[in-house]
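So the chains spell out like this:
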Amino acid sequence: MNKRLSTFITAAALALSTPAFAVNDLAPPTEGKMKVKSAQLGIKSPASNVCPAQATVKGWIFTTKPGTVQYMLVRKGGSVAGPFSVQAKKAPSGYMAEFSRNLTIGTAIDAEYRIAVSNSGGVVSNWAPLKANCSIGLGGNQ
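Every residue gets a number counted from 1 within its own chain, in the order that chain's sequence is written. The model is predicted, so local features are restricted to residues of pLDDT at least 70 and side-chain atom pairs to those at 80 or more, both for listing and for counting; the totals for chains, interfaces and linings are taken over all residues. The side-chain quantities take in all heavy atoms of the structure and omit both hydrogens and water.

Enquirer: Where do I start with the pairing of strand β8 (residues 128-132) in this structure?
Expert: Each regular strand shows side chains that alternate between the opposite faces of the sheet. Note on classification: 1.4 Å probe, protein chains only; a residue is buried when its accessible area is under 20% of the maximum for its type, exposed when over 50%, partly exposed between these limits. The way it works is that DSSP assigns letters per residue, a run of H or I at least four long becomes a helix, a run of E at least two long becomes a strand, and they are numbered from the N terminus. Taking every second residue as pointing to the same face, the buried face of β8 carries Ala 128, Leu 130 and Ala 132, while none of Pro 129 and Lys 131 on the other face is buried. We call two strands paired when DSSP finds no fewer than two bridges between them. By the bridge criterion, five bridges tie strand β7 (residues 109-117) to β8 in an arrangement that is antiparallel. Its bridge partner lying in β8, Ile 109 is registered against Ala 132.

Below is the structure:
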């Protein structure tokens, strides 16, 4: 055998036998923290002018893996409600946390809301309108 080839084979054998190249010493890749990718909000305003009436708020928060997500509901130019917690679970397009709330509307309202996701680096949803004119009041929550 050629001396150069013999030296190369010996060097290659030494390199492959050192612990740095041993397959048993390689660790599997670890998954990073759950990240929030986006959020979406929808509001179904009351269908009639009679109050008190019901409105429905639904939200979807899309993440990179399952886990607990905290969010707040923000009124444009106004108050913040929360934080609330919801679980992200496996969904057809990745992972998603979903919530739904019913609101009783007792007085006229023309406002916009969005979701602000806690510890997400600033992920917020679209603004969603909530409108009710309550021109016919039936008492109750007024």
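What follows picks up the thread again.
Enquirer: Where do I start with the nonpolar core in this structure?
Expert: Across soluble globular proteins, you tend to see nonpolar side chains buried next to one another. Nonpolar cores are built from buried Ala, Val, Leu, Ile, Met, Phe, Trp, Tyr and Cys residues. Side-chain atoms within 4.5 Å join them into one set. Grouped together as the largest cluster of nonpolar side chains are 26 residues, with contacts concentrated most on Leu 41, Ile 61, Phe 99, Ile 115 and Val 117. If you list the elements that add at least two residues to this core, you get β1 (36-44), β3 (53-63), β4 (67-75), β5 (80-91), β6 (94-105), β7 and β8. Broken down by element, the residue count for this core peaks at five residues, all from β7. Note on contacts: a residue pair qualifies if any of its non-hydrogen atoms lie within 4.5 Å across the two residues. Leaving out residues up to four positions away in the same chain, Val 117 has contacts with Val 36, Ala 39, Ile 61, Val 69, Gln 70, Tyr 71 and Val 123.

Enquirer: Help me understand the side chain of Ser 125, please; the structure alone is not making it clear to me.
Expert: With respect to the element layout, Ser 125 can be found in the loop between β7 and β8. Judged by its relative accessible area of 6%, Ser 125 is buried. Side-chain polar atoms of Ser 125 contact the backbone nitrogen of Ile 115, separated by 2.8 Å. Counting of polar contacts relies on pairs of N or O atoms within 3.5 Å, with two restrictions inside protein: one atom must be capable of donating a hydrogen and the other of accepting it, and residues adjacent in sequence are counted only when both atoms are side-chain atoms.

Enquirer: How should the packing of aromatic side chains be read in this particular structure?
Expert: Where two aromatic rings form a pair, the distance of their centres and the angle of their planes describe that pair. In summary, the pairing rule links any two rings of Phe, Tyr or Trp, Trp by its six-membered ring, whose centres are within 6.5 Å, and it sorts them by plane angle into stacked for under 30 degrees, edge-to-face for over 60 and tilted for everything else. Evaluation of the coordinates by the stated rule reveals two aromatic pairs. Relative to Phe 84, the ring of Tyr 71 lies with its centre 5.5 Å away and its plane at 40°, an arrangement referred to as tilted. Here Phe 84 lies in strand β5 and Tyr 71 lies in strand β4, a separation of 13 residues in the sequence. Using a relative accessible area of 2% as the deciding quantity, one classes Tyr 71 as buried. Centre to centre, the rings of Tyr 71 and Phe 99 are 4.2 Å apart; their planes meet at 10°, and the pair counts as stacked. Highlighted residues: Tyr 71 in strand β4 and Phe 99 in strand β6, separated in sequence by 28 residues. This pair shows no difference in class: Tyr 71 is buried, exactly as Phe 99 is. Think of it as a cone above the ring: NZ of Lys or CZ of Arg counts as a charge over the ring if it is within 6 Å of the ring centre and within 35 degrees of the ring normal. The aromatic ring of Trp 127 is capped on one face by Lys 76, whose charged end is 4.9 Å from the ring centroid.

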